[in-house]
Amino acid sequence: MNKYDKDNAYKLDLSDYDCEEEYLDDLRVCWQDKYDPNTKTNVCVDDYDTEAVYRESLVNNWQETYDPQHRFNGFEFERFTSVDDYLVELNDRLDWIKKCDLEGIFSKIDPSKYDNMFQYQHVLDLRKAWKNKYDPDNIHNEIDPCDYSSVEEYHKALMDD
């Protein structure tokens, strides 16, 4: 049994190698080609002996490099096969913010938790409606509708203030 590529996903034949390290080196090239072919991260594949640990390090690096404030924590990283896939999604969400919340009023709402811009816009519109209904004169600046998951919670917070 191959401890590095149990399912033989990369179709490398162990018998073609004189030693385990040569095989692992070629396997690492495959991992690099799969997850970070254009070397957009500073994660060195040579530092890893398993694909899973290498991929986990890449995912952490993607977030640290491209979202250092951790604004987009709602992404399901396991669905991204490469840094390029992640960047497409990240740039989509940045575009949503520009289109839906240019002033950054609702910056606490994570657009990566939503599948499309319509869902994201709906959540923003709800928070605007809550604010307009229960605090139209903006008396309670310290109470942000983005901190609440329901209108009832928001209204209660205003009444308790």
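Up top is the structure these notes are about.
This text gives an overview of the structure that appears in the document. What you see is a predicted model; the values in this text were computed from it and never measured.

Analysis parameters
Residues numbered from 1 in each chain as written. Predicted model: local features only at pLDDT ≥ 70, side-chain atom pairs only at ≥ 80, totals over all residues. Heavy atoms only, no water. Helix = DSSP H or I, 4+ residues; strand = E, 2+ residues; numbered from the N terminus. Salt bridge = Lys/Arg side-chain N within 4 Å of Asp/Glu carboxyl O. Buried < 20%, exposed > 50% of the residue type's maximum accessible area, 1.4 Å probe, protein only.

**Details of unusual backbone geometry**
Working step 1: With phi around 50°, Thr39 is a residue other than glycine that occupies positive phi space.
Working step 2: Along the polypeptide, Thr39 turns up in the loop between helix H1 (20-35) and helix H2 (51-66).
Working step 3: In this structure, His70 takes a positive phi of about 55° despite not being glycine.
Working step 4: Tracing the backbone through its elements, the reader meets His70 in the loop between H2 and helix H3 (83-100).

**What to know about the pattern of salt bridges**
Working step 1: Following the criterion strictly, the structure yields 13 salt bridges and no others.
Working step 2: Of the charged contacts, one joins Asp25 and Arg28 as a salt bridge, the two residues approaching to 3.1 Å between their closest N and O atoms. In this pair, Asp25 and Arg28 are both assigned in helix H1, three residues apart and thus about one turn of the helix distant.
Working step 3: Using a relative accessible area of 34% as the deciding quantity, one classes Asp25 as partly exposed.
Working step 4: Residue Arg28 is joined to Asp49 by a salt bridge in which the shortest nitrogen-to-oxygen separation is 2.6 Å. Residue Arg28 is located in helix H1, and its partner Asp49 is located in the loop between H1 and H2; the two are separated by 21 residues in the primary sequence.
Working step 5: Salt bridges linked by common partners bring Glu21, Asp25, Arg28 and Asp49 together as one network.

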